[in-house]
Number of protein chains: 6
Amino acid sequence: MNIFNPALLRADADVPAYVPKGNECRLFETAWVRQLPLLLKGPTGCGKTRFVSHMAARLGLPLATVSCHDDLAASDLTGRFLLKGGETVWVDGPLTKSVRDGGICYLDEIVEARKDVAVVIHPLTDDRRILPLERTGETLEAPPGFMLVVSYNPGYQNILKALKPSTKQRFIAIDFDFLPRDQEIVVVSGESGLDEAHVAPLVDLARKLRALKGQDIEEGVSTRLLVYCASLIDSGMPAREAVLAALIEPLTDEPDVKAALREVANAVIV
Amino acid sequence: MNIFNPALLRADADVPAYVPKGNECRLFETAWVRQLPLLLKGPTGCGKTRFVSHMAARLGLPLATVSCHDDLAASDLTGRFLLKGGETVWVDGPLTKSVRDGGICYLDEIVEARKDVAVVIHPLTDDRRILPLERTGETLEAPPGFMLVVSYNPGYQNILKALKPSTKQRFIAIDFDFLPRDQEIVVVSGESGLDEAHVAPLVDLARKLRALKGQDIEEGVSTRLLVYCASLIDSGMPAREAVLAALIEPLTDEPDVKAALREVANAVIV
Amino acid sequence: MNIFNPALLRADADVPAYVPKGNECRLFETAWVRQLPLLLKGPTGCGKTRFVSHMAARLGLPLATVSCHDDLAASDLTGRFLLKGGETVWVDGPLTKSVRDGGICYLDEIVEARKDVAVVIHPLTDDRRILPLERTGETLEAPPGFMLVVSYNPGYQNILKALKPSTKQRFIAIDFDFLPRDQEIVVVSGESGLDEAHVAPLVDLARKLRALKGQDIEEGVSTRLLVYCASLIDSGMPAREAVLAALIEPLTDEPDVKAALREVANAVIV
Amino acid sequence: MNIFNPALLRADADVPAYVPKGNECRLFETAWVRQLPLLLKGPTGCGKTRFVSHMAARLGLPLATVSCHDDLAASDLTGRFLLKGGETVWVDGPLTKSVRDGGICYLDEIVEARKDVAVVIHPLTDDRRILPLERTGETLEAPPGFMLVVSYNPGYQNILKALKPSTKQRFIAIDFDFLPRDQEIVVVSGESGLDEAHVAPLVDLARKLRALKGQDIEEGVSTRLLVYCASLIDSGMPAREAVLAALIEPLTDEPDVKAALREVANAVIV
Amino acid sequence: MNIFNPALLRADADVPAYVPKGNECRLFETAWVRQLPLLLKGPTGCGKTRFVSHMAARLGLPLATVSCHDDLAASDLTGRFLLKGGETVWVDGPLTKSVRDGGICYLDEIVEARKDVAVVIHPLTDDRRILPLERTGETLEAPPGFMLVVSYNPGYQNILKALKPSTKQRFIAIDFDFLPRDQEIVVVSGESGLDEAHVAPLVDLARKLRALKGQDIEEGVSTRLLVYCASLIDSGMPAREAVLAALIEPLTDEPDVKAALREVANAVIV
Amino acid sequence: MNIFNPALLRADADVPAYVPKGNECRLFETAWVRQLPLLLKGPTGCGKTRFVSHMAARLGLPLATVSCHDDLAASDLTGRFLLKGGETVWVDGPLTKSVRDGGICYLDEIVEARKDVAVVIHPLTDDRRILPLERTGETLEAPPGFMLVVSYNPGYQNILKALKPSTKQRFIAIDFDFLPRDQEIVVVSGESGLDEAHVAPLVDLARKLRALKGQDIEEGVSTRLLVYCASLIDSGMPAREAVLAALIEPLTDEPDVKAALREVANAVIV
């Protein structure tokens, strides 16, 4: 199976569809073989999570995904003591389970997590590949079949929430972006059921809106919203109503910006 | 049953009355059919909560409503361990229950919640439609009958409390506003029992006060306050006393602003 | 019984004395009949708490009063799980008890409470009149005999501690102020035992000091302090010593301001 | 027994010595008789705590003293649930005990405590004189024999840590200051054992140093430090060494200020 | 065995390879003999952790490594009480274990830890060499075989997170930097399997990128990233793709900086 | 035994060596006899801790030392409830133990502790000499054999972390500084084993570096670092390497400052 064929939209029932944009599949495989941790960078909704699901399925590996957030602490990943029958019993967290059993552990939006999370993964990302569990006194050695993948959105980073260089420098990194036009049309049509001819102007509109990022809107339209929009149209909603609900309202709350975006949309969607 | 008939004020005993303003009922139904999560935007008291109750009843779906606040954490939604008979037992939260049983889970004023709430709903709002329960190790797949609805008031958002684009872009969105004049008269009269002729000047006054929003007052008069005011009058309170207690005192504490609003009121309410 | 008779100082042994200043008794009764929540605004010591006690007694309703503070959380109102005999047992908080049993629940100085308190009362203050207990999974419907009353002092509000419009707009509101001169003389004399002739100059002094509010002193003299002062004099303290201890020392710590207030006092109290 | 006799230094073995400066003993007694709460204001070491001990002993009342601090919460005063034999058992805090048993409860430096403490005492300081225990559901009525006394040092107050007017206006207040010269000599000599002739220049020096407060030093010399200094001299330390260790080093860490204070001292202590 | 021979890359299977840059091995041994605590300073990925592993193995000492982070508290190092069979049982933390058993305790990035950690090690770093366990009441005396080593990266320090002088002055300190060019080529080739001829231009590129530190990039390329890059090339990735993924993407998210770094890389890697 | 003899370096095996600089031993003894609490002020590593150990041994008193830190709370000193056999059992903290058993309780760097610590010691430092244990309801009276000693470093104090005057004024205070030159040579030689001739230039260098405090370096070289440096030289390290590792690297991370200090060192150490 040639995994670099961009025309290959659906492989088989067990492998989530994924359209490669560059060498990311090969880099993932090489990182897997050489036991190197991987960092995915890119904007919202550009397919990072889908890519990891795809690679995990293709490599036949179990995948544990953890969505990081402000209150996610190291112990949410490593485990904690719970009371059972009057005893405190240790219960593994998802990272510990992955290290014990092998497979991919994917920490989505790692910069959102509390600082101790970044540090708990340090011993897993150098040549020691160990996970010290301070509270139980164990030190787990990651088996060859364990791989750590993390992601973050550079567009959101600020001073308080940036990956420290001492963490970044522990990963091979891939920079993601949105799909090229023709590939995105194929994907959105495939996901929504709407034919490509009607999807094409939606993708063109999305690309126009993405170009406005940083001026009037904080983030460009994601492929996911395009699929939502095409789904609404496929269900019989008028195109302009679908564009308003799925491509414009989720982008902005400002009446002025909203009016401007509707003008842009009306020029494209007739 | 034609659900877009604006004259239809009360459907039947089990369906809370709701007067549609646009295509929102159709959008809700389409989102339901296509399994898309829904975001409702709009000011205080414009009917978002009522709309969700109405749609849940019409679609025959159970509805779980959670009012979000500063201290609402992910575990308040997903569940927590409690001590029972010396054992720690997992108890589902309202979101987990909805995902297990199907139906609508409505998170009201989601920007108020702690940040981890926004992230816990991410895997439920993409094509995976899953709810990972890190603490129990379960991963629930949402059944087709599950729908997530969230709301927020764009007027209150600030830098610390804004929905992140990565969250917003996971929803179809509807922008709500107050009812048109004639519809609001019908609603307020119906809810309060006061006849429409006496309600009309109250609605006119409310529309005048709403136009002052952002200048002297922070937020316009809600339909709810209009119903309160009409109820007081219906109970025999003089109109000006009712207007003071229900439309002016709740809006401002500033003596100057209060005096100005009373002048506006006195010109309308004789 | 004509409840609007201002001369009626003491009704009977079970009803705390209260001298109405305007239509507040009628408004309270109407709100009670129409099941509308009530908001009391006004400065320290102007009689808000007494007014609620009076109305509860007159209407024959049980009254639960909660003094809100910085650390009061929603669970202090709704209830919490406690360990009993090795089991976690739910124990109702004062708000939940009121909702179960009916009667008035009075949240004094609600702006002091944590933000989640304001939100927990939202579903009780719209047409649903429900109290969802997320932790037990129960949703209580308030019986017709339940009424929610809250108060705050607009003079203390700041940006961090203001009632949000979405909360304010759920209440009928009454603005309180100090009693008119002659009524206050009657009240202070009645409470302290000092005859009205000796109380009158104290009330005159208090009114002079209240006029200085915002200039040298943060808050005007409360009726309560007047009662204290009259009590001291009634016990034989010289008037000037009583005024210093009860009307001036509690108002300010600044030596300059204190001296100025003593001059004002000496001109009135001989 | 004439309690206003300033020459009365020691009453009997059970009553701690106290030298009244004005009408404070009479005010305390009147407040006690009229059931009014009392607020003591004054600088460090001027005798507030001693005064309360003295009055409690003279009135034959039990005294519970609580030193307030940043982490003192309402539950430290009211009580908390503890695990005993697998049950959660309520244990009264010092305030609750005082209210149950009667006597004086003295909250020293109340502005230091957490905000909820100030509010927990509100219902005890108005005509209700009740202590609601939210967590047990009890509401205690204070017996006639209960009295609340609080103190604070106005010199330390800042914006974050000031008594709110709504709290201050619930108390009769007394402003304390240091003893007059001759009385202070008697007290320091009595406490330290050093004869009055040798104490006199120390008191004179202290009065000079107190006059510098606000310029070079934050707080004036307390009577307590004078007693320490006299004790060191009484034990054979040279006067200048004792003055340095007991009157200067505790006041400042700045070398320049220290040198200046030593010059002041050397002019007085030979 | 002459441990100062820089040509000695691998000692034996049990001793991790380490190439000394100066007198650091001798200083470590002397500190060990004289029972002096040791502080390692230096940038990310310059080999501090490897150096400690190397010395521990060479001296035949057990090594406990703790990665410090924002939420690491003293009790994470000393131990805590856990519930076992209804009893609270003390469980030693890694520092306590080291003190009991002897060997090296290495606190990596100590400035990241909470402040109480710095203080808990104070009594271990003066002539007392004790570890007081306040919660159990024990005071452990460190055996001669115990040594404390800590590290931090001076480049990250800020006002909030700096080692206090009172902590720093308890350690002998060594300043680390990257390996000299030829040594680094040997190390990277040995770790990655790529021959030295192909590693040499990668090291040259890394040295160019390190020189940009503080201008466009926050931290220079670590030896670890060089090993990653050489591993990718050794697995068949084109050199420029490997350089992008392993040396450039981990350094920066800025498109402009990235382009500039690629130009630098393209000039070196053909 | 004449304890004021500065030549007395080691008394006997049980008394840690201490060289008095002034009247501090006598002041300590007098404070002990008169039951006065003692405050030690001075820079890092000037011998405060050693002084307390010395005096405790000489007076034959047990010594409990607590290193204070940001997270040290009052309950860490007084005690806490622990679960034992299903019961909550009170366990004394080190301060409570000292008060019960007598002896010296030494709170090192007390300004670092949480604010409630400063207040918990207040009743122990006035004439009451009591320790109220709010949580158990006990009030301990300190026996005559109890003495409280605290220390802090005035050089670190800032607005957030200063001893309040109301705390300072409860102590006799001693200001410490480094040893005079000749005494320091004797001490460093005695502790390190290096002969005085080789120690002398190290002490001279330290005195030069101390003079730079506040300009390039935050704190002067401690006697402890001098002992470290002499120990390294005594073990055969070249003097300049020892000076770099023990006197310069612990003082600064700035390359410029480091170079300047090395120049200073090279002028003294040949």
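Conventions used here
- Residues numbered from 1 in each chain as written.
- Chains lettered and ligands numbered in written order.
- Predicted model: local features only at pLDDT ≥ 70, side-chain atom pairs only at ≥ 80, totals over all residues.
- Heavy atoms only, no water.
- UniProt positions renumbered as here; feature names shortened; annotations may be inferred.
- Helix = DSSP H or I, 4+ residues; strand = E, 2+ residues; numbered from the N terminus.
- Polar contact = N/O pair within 3.5 Å; in protein donor to acceptor, adjacent residues only side chain to side chain.
- Contact = heavy atoms within 4.5 Å.
- Buried < 20%, exposed > 50% of the residue type's maximum accessible area, 1.4 Å probe, protein only.
- Least-squares fit on C-alpha atoms with pLDDT ≥ 70 in both.
- Salt bridge = Lys/Arg side-chain N within 4 Å of Asp/Glu carboxyl O.
- Buried area = accessible area lost by both parts, 1.4 Å probe.
- Nonpolar A, V, L, I, M, F, W, Y, C, P; charged D, E, K, R; others polar.
- Pairing = 2+ DSSP bridges.
- Axes fitted to C-alpha atoms, helices over the stretch in contact; angles between N-to-C directions.
- Phe/Tyr/Trp six-rings, centres within 6.5 Å; stacked < 30°, edge-to-face > 60°.

An unreviewed UniProt entry annotates chain A as Nitric oxide reductase NorQ protein of Rhizobium giardinii. Here chain A is described in UniProt, under the heading Sequence similarities (unreviewed entry), as follows: "Belongs to the CbbQ/NirQ/NorQ/GpvN family."

## So, the side chain of His 122 of chain D
Residue and element names in this part refer to chain D. Looking at the secondary structure, you find His 122 in the loop between α5 (115–120) and β6 (130–133). Side chain to side chain, His 122 and Thr 167 meet in a polar contact 2.8 Å long. Those residues in contact with His 122 that lie beyond four places of it in its chain are Ser 166, Thr 167 and Arg 170.

## Focus on the pairing of strand β8 (residues 146–152) of chain A
Most of β8 of chain A is tucked away: 7 of the 7 residues are buried. Because side chains alternate across β8 of chain A, one face comprises the buried residues Phe 146, Leu 148, Val 150 and Tyr 152 of chain A, and the other comprises Met 147, Val 149 and Ser 151 of chain A, equally buried.

## A look at the relation of the copies chain E and chain F
Superposition record for chain E on chain F: RMSD 0.0 Å, screw rotation 60°, translation along axis 0.0 Å. Such a turn and shift between the copies fits a six-fold axis. Different-surface contact between copies: only 5% of interface residues of chain E are shared with the interface of chain F.

## Brief notes about the pattern of salt bridges
According to the stated counting rule, one finds 96 salt bridges over all chains in the structure shown. Residues Asp 182 of chain B and Arg 181 of chain B are paired through a salt bridge, measuring 3.1 Å at the closest nitrogen-oxygen approach. For Asp 182 of chain B, a relative accessible area of 53% corresponds to the exposed category. For the salt bridge of Asp 126 of chain F with Arg 128 of chain F, the shortest nitrogen-to-oxygen distance reads 2.9 Å. Overall, Arg 128 of chain F belongs to the partly exposed group, its relative accessible area being 22%. Residues participating in the shared-partner salt-bridge network are Lys 41, Lys 168 and Asp 175 of chain A together with Glu 249, Asp 253 and Lys 258 of chain E.

## Quick word on the interface of chain E and chain A
In this assembly, 45 residues from chain E lie in contact with 38 residues from chain A. Counting the surface lost from both chain E and chain A, the interface buries some 3600 Å², and carbon and sulfur atoms represent 51% of this. Asp 234 of chain E is paired through a salt bridge with Arg 34 of chain A; the nearest N and O atoms lie 2.9 Å apart. Along the contact surface separating chain E from chain A lie 16 residue pairs in polar contact (both at pLDDT 80 or more). Of all the elements in the fold, those that place two or more residues in the side of chain E that touches chain A are α2 (48–58), β2 (63–67), β3 (79–84), α9 (223–234) and α10 (239–248) of chain E. Ranked by residue count, the leading element in the side of chain E that touches chain A is α9 of chain E, at 6 residues. Among the residues forming the side of chain E that touches chain A, the class breakdown is 15 nonpolar, 14 polar and 16 charged.

## Comments concerning the sheet that holds strand β2 (residues 63–67) of chain B
Residue and element names in this part refer to chain B. Spatially, 5 strands are ordered β2-β5-β8-β1-β9 in an open sheet, and the strand pairing comes out parallel. Two strands lie at the open edges of the sheet, namely β2 and β9 (172–175), each paired on one side alone. The mean angle between the axes of side-by-side strands here comes to 20°, regardless of whether they run parallel or antiparallel. Summarising the sheet, strand β1 (residues 38–41) and β9 pair through 4 bridges and their orientation is parallel. Across the sheet, residue Lys 41 finds its bridge partner in β9, namely Asp 175. Lying on the sheet, helix α1 (residues 24–34) is in contact with β1, β5 (103–108), β8 (146–152) and β9; it crosses β8 at an angle near 140°. With respect to the sheet, helix α4 (residues 94–101) is in contact with β2, β5 and β8, its orientation differing from that of β5 by roughly 160°.

## Remarks on the packing of aromatic side chains
Within the structure shown, the criterion is met by 18 aromatic pairs over all chains. For the ring pair Tyr 18 of chain E and Phe 51 of chain E, a centre distance of 5.1 Å and an interplane angle of 45° mean the geometry is tilted. Remark: Phe 51 of chain E occurs in helix α2 and Tyr 18 of chain E occurs in the segment before α1 (24–34); sequence separation between them is 33 residues. Aromatic side chains Phe 28 of chain F and Phe 51 of chain F sit 5.5 Å apart centroid to centroid with 90° between the ring planes, which places their arrangement in the edge-to-face category.

## Concerning the sheet that holds strand β8 (residues 146–152) of chain C
Residue and element names in this part refer to chain C. Taking strand neighbours across the sheet as the criterion, the 5 strands line up as β2-β5-β8-β1-β9 in an open arrangement whose pairing is parallel. Only two strands of the sheet have a single neighbouring strand rather than two, namely β2 (63–67) and β9 (172–175). Adjacent strand axes in the sheet meet at a mean angle of 20°, parallel and antiparallel pairs treated alike. In this structure, β2 lies alongside strand β5 (residues 103–108), joined through 5 bridges in parallel fashion. Residue Leu 63 lies in a different strand from β5, and its bridge partner there is Ile 104. Packing of helix α1 (residues 24–34) onto the sheet brings it into contact with β1 (38–41), β5, β8 and β9, and relative to β8 it is tilted by some 140°.

## A word on the relation of the copies chain E and chain A
Once chain E has been moved 0.0 Å along the axis and rotated by 60°, it coincides with chain A to within an RMSD of 0.1 Å. Residue by residue, only 4% of the interface of chain E is reproduced at the interface of chain A, so the copies engage with different surfaces.

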